[in-house]
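Examining the three-dimensional arrangement
The lines below spell out each chain.
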Amino acid sequence: MQDNWEKIFSTNQLVRAEIARSVLEQHGINAVVLNKQSSSYPIFGLCEVYVPTDDASNARNLLDNESALKESE
């Protein structure tokens, strides 16, 4: 990712990363999911959610309070 984007969430479950992205976008924060999982062995690697650096603090606060993401992996 470019320098003006910051990773704010990572998980080994793509669906949880997509939920995080959706929550952020519902609050007007641009977000992208970068899937770094192995295509052959999906248990290796993570899915990461990135937002613009200016929105990172607000995005972390939103995700910290999101009940759908509080379940343990």
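As a reminder, the structure under discussion sits directly above these lines.
Now for a look at the structure at hand.

1. Digging into the nonpolar core
One finds Ile8, Phe9, Leu24, Val49, Val51 and Leu63 to be the most contacted residues of the largest nonpolar core, which totals 16 residues. Broken down by secondary-structure element, the contributors of at least two residues to this core are strand S1 (5–11), helix H1 (14–26), strand S3 (47–52) and helix H2 (56–64). In this structure Val49 touches Glu6, Lys7, Ile8, Phe9, Ala17, Ala20, Leu24, Ala31, Val32 and Val33, once residues within four positions along its chain are discounted.

2. Things to note about the sheet that holds S3
Remark on secondary structure: sheet strands pair via backbone hydrogen bonds, oriented parallel or antiparallel. Taken together, three strands build an open sheet; the order of strands is S1-S3-S2 and the sheet is antiparallel. Each edge of the open sheet carries a strand with a single partner, namely S1 and strand S2 (32–35). Put simply, the sheet's adjacent strands are angled 30° from each other on average, direction ignored. The sheet contact formed by S1 and S3 spans six bridges and is antiparallel. Its bridge partner lying in S3, Trp5 is registered against Pro52. This element, H2, spans S1 and S3 of the sheet and lies at about 20° to S1.

3. Some details on the pairing of S3
Of all the six residues making up S3, six are buried; the element is thus mostly covered by neighbouring parts of the structure. Direction of pairing for S2 relative to S3: antiparallel, over a ladder of four bridges. In the strand pairing of S3, Leu34 is matched with Glu48.

4. A short note on H2
Within H2, the full set of buried residues consists of Ala56, Ala59, Leu62 and Leu63. Down the axis, H2 shows its buried residues gathered within 125° of arc, on one side only. More than 90 degrees from the buried face of H2, the exposed residues found are Ser57 and Asp64. Where H2 is buried, its residues touch S1, H1 and S3.

5. Structural notes on the pattern of salt bridges
Counted under the stated rule, the structure contains five salt bridges. The residue Arg21 makes a salt bridge to Glu18 at a minimum N-O spacing of 2.7 Å. Of the two residues, Arg21 and Glu18 are both situated in helix H1; the distance of three residues between them amounts to about one turn of the helix. Put simply, Lys7, Lys36 and Glu48 are held in one network by salt bridges that share partners.

Parameters and conventions
- Residues numbered from 1 in each chain as written.
- Predicted model: local features only at pLDDT ≥ 70, side-chain atom pairs only at ≥ 80, totals over all residues.
- Heavy atoms only, no water.
- Core = buried A, V, L, I, M, F, W, Y, C linked by side-chain atoms within 4.5 Å.
- Buried < 20%, exposed > 50% of the residue type's maximum accessible area, 1.4 Å probe, protein only.
- Helix = DSSP H or I, 4+ residues; strand = E, 2+ residues; numbered from the N terminus.
- Contact = heavy atoms within 4.5 Å.
- Pairing = 2+ DSSP bridges.
- Axes fitted to C-alpha atoms, helices over the stretch in contact; angles between N-to-C directions.
- Arc of directions from axis to C-beta.
- Salt bridge = Lys/Arg side-chain N within 4 Å of Asp/Glu carboxyl O.

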